[in-house]
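Read off the chains here:
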Amino acid sequence: MLEMTREEFEELVAEALDRIPPELTRLMDNVAVFVEDEPPADDPELLGLYEGTPLTDRGEWYAGVLPDRITVYRGPTLRMCETREDVVAETEVTVVHEIAHHFGIDDARLHALGYG
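For the structure given in this document, a descriptive report is provided here. As the structure is a computational prediction, the values presented were derived from the model and not from experiment.

Calculation rules
Residues numbered from 1 in each chain as written. Predicted model: local features only at pLDDT ≥ 70, side-chain atom pairs only at ≥ 80, totals over all residues. Heavy atoms only, no water. Helix = DSSP H or I, 4+ residues; strand = E, 2+ residues; numbered from the N terminus. Rg over C-alpha atoms; globule rule 2.2 N^0.38 Å. Buried < 20%, exposed > 50% of the residue type's maximum accessible area, 1.4 Å probe, protein only. Contact = heavy atoms within 4.5 Å. Areas by Shrake-Rupley, 256 points an atom, 1.4 Å probe, with all protein chains shown as cover. Axes fitted to C-alpha atoms, helices over the stretch in contact; angles between N-to-C directions. Parallel < 35°, antiparallel > 145°, perpendicular 65-115°, else oblique. Left-handed = near helix turned anticlockwise from the far one by under 90°. Nonpolar A, V, L, I, M, F, W, Y, C, P; charged D, E, K, R; others polar. Pairing = 2+ DSSP bridges.

## Some remarks on the overall build of the chain
Along its length, the chain carries five helices and three strands. When its helices and strands are written in sequence order, the chain yields α-α-β-β-β-α-α-α. Relative to the 2.2 N^0.38 estimate, which gives 13 Å for 116 residues, the radius of gyration of the chain is 14 Å and therefore close to what a compact globule would have. When its C-alpha atoms are laid out on the principal axes, the chain stretches across 45 × 30 × 25 Å. Counting the 116 residues in the chain, one finds 35% classified as buried. Pairs at least 24 residues apart make up 73% of the contacts formed inside the chain by residues separated by at least 6 positions. Total accessible area computed for the chain in this model is approximately 6,900 Å², and 52% of it derives from carbon and sulfur atoms.

In structure tokens form, the structure reads like this:
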């Protein structure tokens, strides 16, 4: 398994977020991004997870709720990648994938776009 500290991995996630075009990040609303070491035990290969209400599903009722949560998992990412460059690329794909869920884009469309 490739070795990388949590701080290094968090920096890669931050860099991936910085590469999201500003016109999209300005549209993101009430969402927080986290790094965790491992995903839930029932899905050990999960690289990222979006939990919340996509922007496309929010209505007048949407107020006073906790932020949506995007989590990127370090362990499975490092286990599947062979080089640091692989981790950089996979982290960027994972971040884009989970942000796309925040915008209401489903897995089928993401796979078609190459972010599966």
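Let's pick the thread back up.
## A look at unusual backbone geometry
Positive phi, close to 60 degrees, is recorded for Asn-30, a residue that is not glycine. Summarising the element assignment, Asn-30 is placed in the loop between helix H2 (22–25) and strand S1 (31–36).

## Side note on the environment of Ile-70
You can see Ile-70 is positioned in strand S3 (residues 68–73). Distance in space between the C-alpha atoms of Ile-70 and Thr-94 is 9.9 Å, their sequence separation being 24 residues. Excluding anything up to four places from it in sequence, Ile-70 contacts Val-31, Ala-32, Val-33, Phe-34, Leu-49, Tyr-50, Glu-98 and Ile-99.

## Re the packing of helix H1 (residues 6–18) against helix H4 (residues 84–102)
In contact at an axis separation of 9 Å, H1 and H4 are set at 55 degrees when each is read in the N-to-C sense. Relative to H4, H1 is oriented oblique. Like other packed secondary-structure pairs, H1 and H4 cross with a definite hand, here right-handed. Every residue of H4 that contacts H1 at Phe-9, Leu-12, Val-13, Ala-16 and Leu-17 is listed here: Arg-84, Val-87, Val-88, Thr-91, Glu-92, Val-95 and Ile-99. Residues belonging to the contact of H1 with H4 are distributed by class as follows: nine nonpolar, one polar and two charged.

## Side note on the environment of Glu-7
Its location among the elements puts Glu-7 in helix H1. Separated by 53 residues in sequence, Glu-7 and Glu-60 have C-alpha atoms that sit 39 Å apart.

## What to know about the sheet that holds strand S2 (residues 48–51)
Sheet strands pair by backbone hydrogen bonding; their relative direction is either parallel or antiparallel. A sheet is described by the order of its strands in space; here three strands give the open sequence S1-S3-S2, paired in mixed fashion. The two strands at the open ends of the sheet, each matched to only one other strand, are S1 and S2. Direction aside, neighbouring strands of the sheet carry axes that sit 15 degrees apart on average. The sheet contact formed by S1 and S3 spans six bridges and is parallel. The residue of S3 that forms the bridge with Val-35 is Val-72.

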